[in-house]
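# Fold and geometry: a report
Residue strings, one per chain:
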Amino acid sequence: TGVRAEYSMLADDFQGAIEVTVAGFFTTQHSFRTSTGYWGKLTFPAFSDQATFCREDGVDLVMRKMHWMGTAHELLIGKIKCASADRAGLLKRDILIDYDGRRYRFEPEGALKGGWYLTDEVGTRLLDIRPCGMFRQGAILNITGTMEGNLVIFVYYMFHVRGQEEAAAVAATTAASAN
């Protein structure tokens, strides 16, 4: 397919676990490590609606919010749009992801759990993402199916962005109820 043919380094199928460690305060760098070594770094600049994943081969994946008021995001490699993601509905937490002609659903584990999981079009679970813990930033990505690396990075990006959005909503609600 188009994404696989043009950008093969992270488009290769991948299975296993990935540990993501986070450094930084305003601008954060999320380093991806597998059992075979360093995979790349996703940078979220402070006060920006986009992030960039720097690959070992020099190609950058750019993930960004499509409109400042909306909830839609996209993955770009160069000028080519490879994926898009948006909430499934106005009051829904799950996210629909279109990647390389296929549709995926990214859902939270439950109301009180921090984990999320990705399923394919038929409901097969492909990826679990679990936060490292209360006092440690980062996550463990457990790939239970076979996935393309570019999709793994984009799904993690959505995990991080949704976490920020939900934390901001909780803070706003708390501040409003305190007044």
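Residues numbered from 1 in each chain as written. Predicted model: local features only at pLDDT ≥ 70, side-chain atom pairs only at ≥ 80, totals over all residues. Heavy atoms only, no water.

This part takes up unusual backbone geometry. Of note, F47 is a non-glycine position whose phi angle comes to about 60 degrees, a positive value. Along the chain, the position of F47 falls in the loop between β3 (37-44) and β4 (50-54). (Helix = DSSP H or I, 4+ residues; strand = E, 2+ residues; numbered from the N terminus.)

The next thing to look at is a nonpolar patch on the surface. A cluster of nonpolar residues, F25, F26 and F47, forms a patch on the protein surface that exposes about 500 Å² of accessible area. Here F25 shows up in the loop between β1 (13-23) and β2 (28-34). For F25, a relative accessible area of 70% gives the class exposed. (Patch = residues over 30% accessible without salt bridge, like charges linked within 9 Å, V, L, I, M, F, W, Y side chains within 5 Å. Areas by Shrake-Rupley, 256 points an atom, 1.4 Å probe, with all protein chains shown as cover. Salt bridge = Lys/Arg side-chain N within 4 Å of Asp/Glu carboxyl O. Buried < 20%, exposed > 50% of the residue type's maximum accessible area, 1.4 Å probe, protein only.)

Another point: the confidence of the model for the chain. Put simply, the chain has an average pLDDT of 84, and 83% of its residues get 70 or more. Predicted confidence in the chain is weakest over helix α1 (residues 2-6), with a mean pLDDT of 41, and strongest over strand β8 (residues 95-99), with 96. Low pLDDT, under 50, characterises residues 1-9; the predicted model gives this stretch 21 contacts beyond four residues in sequence or across chains. (pLDDT = per-residue confidence, 0-100. Contact = heavy atoms within 4.5 Å.)

Core analysis: the largest hydrophobic core is formed by 39 residues, its most contacted members being F32, I97, F106 and L141. In terms of residue count, helix α2 (residues 149-178) provides more of this core than any other element does, 10 residues in total. Here L141 is in contact with G16, A17, I18, V20, F32, L127, D128, I129, V152 and Y156, once residues within four sequence places are set aside. (Core = buried A, V, L, I, M, F, W, Y, C linked by side-chain atoms within 4.5 Å.)

Let's shift gears to the packing of aromatic side chains. All chains considered together, the criterion is met by nine aromatic pairs. Taken together, a centroid distance of 5.8 Å and an interplanar angle of 5 degrees make the contact between F44 and Y157 stacked. Within this pair, whereas F44 is found in strand β3, its partner Y157 is found in helix α2, the two being separated by 113 residues in sequence. Judged by its relative accessible area of 7%, F44 is buried. Aromatic ring contacts, followed pair by pair, group F32, W39, F53, Y156 and F159 into a single cluster. Here the basic side chain of R125 rests over the ring of Y117, its NZ or CZ set 3.9 Å away from the ring centre. (Phe/Tyr/Trp six-rings, centres within 6.5 Å; stacked < 30°, edge-to-face > 60°. Lys NZ or Arg CZ within 6 Å of the ring centre and 35° of its normal.)

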